[in-house]
Amino acid sequence: GLLHVLVTLPPETEQTQGLLGILDGDPSNDFTTPAGDVVSPDSPEDTLYNDFSMQWAVGVDDSKFHWPKTAETTRVPLFGDPATFPYSDESMQPSEEDILGECEDSQSCRRDYYVTGDVNVARASKQTEDNFIEMQSAQVQ
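Presented here is a report on the structure given in the accompanying data block.

Cut-offs applied
Residues numbered from 1 in each chain as written. Predicted model: local features only at pLDDT ≥ 70, side-chain atom pairs only at ≥ 80, totals over all residues. Heavy atoms only, no water. Helix = DSSP H or I, 4+ residues; strand = E, 2+ residues; numbered from the N terminus. Disulfide = S-S within 2.5 Å. Buried < 20%, exposed > 50% of the residue type's maximum accessible area, 1.4 Å probe, protein only. Salt bridge = Lys/Arg side-chain N within 4 Å of Asp/Glu carboxyl O.

Right, let's get into unusual backbone geometry. Even without being glycine, Glu 104 reaches a positive phi, approximately 55°. Residue position: Glu 104 is located in the loop between α2 (96-103) and α3 (107-116).

Next comes the structure, spelled out in C-alpha cells:
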C-alpha cells in the first residue's frame, strides 16, 4: 500500500523543524538537516533524498511504526525522468498516451503510473494531489 501524509498546523503555530522545514517564511532554509547543514531547495531529487531526507531517518528500533521482519528498509527510490526507468517486463510499461490520458499534467500521477504500471495507483495519486490543491485553495480564501 501507499502512504499519503498531510500535515496541517493551526495558524498560531510559530515553529517547525525537520521534514516540515523551518516555519519562518524563508524557503531557502527549509531543507536543514539535524546537524544544521542546509541543502539547497534547487538540488536534484537524489541530493534532497540523500543529503536531507535520509538524515532524518529513524531506525527500526526507534520507529513508532511497526516493521515486519520481512520489511525492506533499504530500498532507494528512482530519480529522474520516469520514462527512462527500467522495466523487467516491457509489456508492463504503460504507453505515453495512456499516461497522459489518465494523468494530464499531474507529475505524481505520471511518476506513479510509470513506476507501478498500475492505473489505480496513478488515479489515487492524482486524486490525492487534486484534494491537496483544493484544500490549499480553500485555505487561501
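Moving on: the state of the cysteines. Applying the stated rule across the entire model yields one disulfide. There is a disulfide in this structure between Cys 103 and Cys 109, and the S-S distance comes to 2.1 Å. Here the disulfide of Cys 103 and Cys 109 is left-handed, its torsion about the S-S bond being about -65°. No difference in accessibility class separates Cys 103 from Cys 109, as the two residues are buried.

Here we come to the pattern of salt bridges. Note that side chains of opposite charge can pair when their charged atoms are close. Applying the stated criterion across every chain yields a total of five salt bridges. Arg 111 is the partner of Glu 45 in a salt bridge, and the nearest nitrogen-oxygen pair spans 3.3 Å. With Glu 45 in helix α1 (residues 45-52) and Arg 111 in helix α3, the pair connects residues that are 66 residues apart, well separated along the chain. For the salt bridge of Lys 126 with Asp 130, the shortest nitrogen-to-oxygen distance reads 3.2 Å. One end of the pair, Lys 126, and the other, Asp 130, are both in helix α4 (residues 119-140), four residues apart, so they sit about a helical turn from each other. Taking the relative accessible area as the measure of exposure, Asp 130 reaches 32% and is therefore partly exposed. Salt bridges here are not isolated pairs; linked through shared partners, they connect Glu 104, Lys 126 and Asp 130.

Everything listed is a geometric property; what it means functionally is a separate question.
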